[in-house]
Amino acid sequence: MTHVVSDADVNTARFTWRENSAMAARMERFVSPGKGNGVRATARIRRGELVYSAEPLASCVSNKQAREVCHHCFTRCKTLLRCSQCKMARYCNTTCQKQAWSGHKTECKCLRSLLPRAPTDSVRLAARIIFALLNPSHSRSGELYPLDEHESHLDSMSEHKRQGLSQLASMLELYLQQEVPHLAQDMTSALPPSCQETLSLIAKVTCNCFTISDGELQEIGVGLYPSLSLLNHDCRPNCVMVFEGTNLQLRAVQDINAGEELTISYIETLVLTDERRKQLEEQYHFICHCQRCDSKDKDSLMLSGDESAWQRLKEALPGLEKLKAESNWEALLESCNHLLSAVGGEVPDENQYKLRLTDMALDASIQLGLWEDALRYGQKTLPVYRQYYPDPHPVHGVQLMRVGKLQHYLEHLQDALETFKQAHQIIKITHSDSHPLTTDLLMKMEECRAEIAQRSSSSR
Ligand SMILES: [Zn+2]
Ligand SMILES: [Zn+2]
Ligand SMILES: [Zn+2]
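Here is what the cut-offs are and how they apply
Residues numbered from 1 in each chain as written. Chains lettered and ligands numbered in written order. Predicted model: local features only at pLDDT ≥ 70, side-chain atom pairs only at ≥ 80, totals over all residues. Domains from an automatic or database assignment. Helix = DSSP H or I, 4+ residues; strand = E, 2+ residues; numbered from the N terminus. Expected span 1.5 Å × (residues − 1). Buried ≥ 20, exposed ≤ 12 C-beta atoms within 10 Å, placed from the backbone. Arc of directions from axis to C-beta. Pairing = 2+ DSSP bridges. Axes fitted to C-alpha atoms, helices over the stretch in contact; angles between N-to-C directions. Left-handed = near helix turned anticlockwise from the far one by under 90°. Contact = placed C-beta atoms within 7 Å. Nonpolar A, V, L, I, M, F, W, Y, C, P; charged D, E, K, R; others polar.

Turning to the domain arrangement of the protein, a few remarks are in order. Partitioning the protein into domains gives domain 1 (60–208) and domain 2 (301–458). A C-alpha centroid distance of 36 Å is found between domain 1 and domain 2.

Here's what the structure looks like:
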């Protein structure tokens with residue numbers, strides 16, 4: 001059969017080829033002094049540019065979200081079709097289900113063998129990585145950093161952590177048992193040596209996988225993107241990662257010179273230096289010596305105000321987090337209200353404990369439909385976010401969008417439009433103008449403009 005190539009096809013092909021080659025040329029692997037492997041820019045990259053985009057080697061929807069997100073396209077959906085065999089995988093429609101089947105077939109048998117138990121996210125992801133590596137059609141030749149070279153950190157981790165990982169490794173073996181008669185031989189012949197041992201594979205997965213989040217930055221799954229595991233951490237990074245489905249996009253949030261190292265943040269950066277270092281050491285096995293850590297940047301601002309007053313807030317946090325995890329919104333809001341009015345002006349809004357409480361009060365008010373309260377709390381956080389996120393950051397953009405939506409709903413139209421414009425300044429850089437989140441934001445801005453015009457014409 002002759003395939004007729006239309007002009008459109010040729011253009012698309014050329015465009016894609018150019019995009020890929022330009023993108024591949026934008027970053028390269030190098031040895032970063034003091035950090036080991038890393039990635040650097042091969043040419044000047046401007047703020048807002050896409051540096052790299054990638055599909056995962058393997059990914060899965062997290063257990064917590066398994067009933068709300070399509071296991072194929074990672075879209076949130078009210079009603080999902082359930083796989084009749086494992087009763088775990090769920091899809092938006094039969095098209096997604098059919099497309100997912102080649103990847104789900106083996107997994108489905110494993111899931112059934114474990115019922116009514118379900119494997120943890122990392123066990124499921126590790127198994128999916130094995131299936132992907134065993135699938136010969138799955139060529140990943142362009143990878144900058146093959147899985148075989150990924151660090152497992154098994155030698156440097158605490159005995160306690162090692163034991164936890166050993167338990168996961170046993171669960172992985174149990175999970176794969178059904179398929180092992182077929183897998184065992186294939187694994188030795190097709191998998192690199194360091195990936196055959198389940199403990200080492202699980203260790204690699206836990207320190208190299210990325211959380212896949214939706215537009216609102218809510219966690220939806222986990223995935224392994226081998227080339228991007230090379231990126232080192234910085235508490236003030238020059239790049240951020242955003243997702244569209246499972247597609248990961250790495251974008252520059254600062255201007256980057258050729259030869260400069262590309263960095264991302266592995267953790268939430270709006271916390272004290274000691275807390276960031278502790279988390280990075282426990283989870284990723286290194287001590288951060290970035291500029292922010294070495295200068296303890298913003299620590300005194302985060303701890304500003306009367307110490308005995310903010311200690312009360314600090315001590316209350318674990319209990320409040322628990323209420324939040326239980327979705328006990330009324331009790332959460334009541335406690336936050338009480339504590340925040342008790343400390344009053346003795347603790348400024350910039351104090352990190354006060355900020356966390358204010359954010360929780362915002363969440364609780366939204367859940368309870370108390371829009372005026374939500375807006376009041378949301379507005380308090382904005383000047384603080386501006387100080388703590390000097391570069392465009394998705395968390396800051398999404399917070400502005402939340403406040404803008406509240407203002408829009410409460411018909412503070414001019415304020416809403418202003419807030420949405422500020423959100424757009426950030427999101428066009430972190431997400432680009434073609435991301436669904438930005439499309440949604442631009443539509444909200446149009447609605448505001450139309451409502452403002454309507455209001456002024458009817459008042460005339
Ligand atoms: Zn789907
Ligand atoms: Zn299934
Ligand atoms: Zn740091």
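Moving on from the model shown.
A separate point is helix H4 (residues 159–176). Taking 1.5 Å per residue as the helical rise, H4 with its 18 residues ought to reach 26 Å, and the 25 Å between its terminal C-alpha atoms agrees with that figure. Those residues of H4 that fall on the buried side of the exposure criterion are Leu165, Leu168, Met171, Leu172, Tyr175 and Leu176. Seen end-on, H4 carries its buried residues on one side only, within an arc spanning 130°. Turned more than 90 degrees from where H4 packs its buried face, Glu159, His160, Gln163 and Gln167 sit exposed.

Right, let's talk about the sheet that holds strand S10 (residues 239–244) for a bit. Taken in spatial order, the three strands line up as S3-S11-S10 in an open sheet, and their pairing is antiparallel. With one partner strand each, in any of the chains shown, strand S3 (50–54) and S10 form the two edges of the open sheet. The sheet shows a mean angle of 20° between the axes of neighbouring strands, taken without regard to direction. Summarising the sheet, S10 and strand S11 (residues 247–252) pair through six bridges and their orientation is antiparallel. What sits directly across from glutamate 244, in S11, is asparagine 247.

This next bit is on the pairing of S11. In regular strands, side chains alternate between the two faces of the sheet. Bridging between S3 and S11 involves four bridges; their strand directions are antiparallel. Looking at the pairing, alanine 54 lines up with leucine 248 of S11. Where S10 folds back onto S11 in an antiparallel hairpin, the turn is made up of two residues, including glycine 245, whose phi is positive at roughly 65°.

A separate point is the packing of helix H13 (residues 352–367) against helix H14 (residues 371–388). Where H13 meets H14, the closest approach of the two axes is 8 Å, and the angle between their N-to-C directions is 150°. Our pair here, H13 against H14, has a crossing hand that is left-handed. Across the interface between the two elements, Leu355, Thr358, Asp359, Ala361, Leu362, Ser365 and Ile366 from H13 touch Asp373, Ala374, Tyr377, Gly378, Lys380, Thr381 and Val384 from H14. Of the residues belonging to the contact of H13 with H14, the class tally is seven nonpolar, four polar and three charged.

Of note, the bond from leucine 115 into proline 116 is cis; its omega dihedral lies within 30 degrees of zero at 5°. Within the secondary structure, proline 116 is located in the loop between helix H2 (94–114) and helix H3 (121–134). Backbone geometry at phenylalanine 74 places phi at a positive 60°, although glycine is not the residue there. A residue is classified by how many C-beta atoms lie within 10 Å of it, and phenylalanine 74, with 24 of them, is buried. Backbone geometry places histidine 285, a non-glycine residue, at a positive phi of 65°. Following the sequence through the fold, histidine 285 ends up in the loop between helix H8 (273–284) and helix H9 (291–295).

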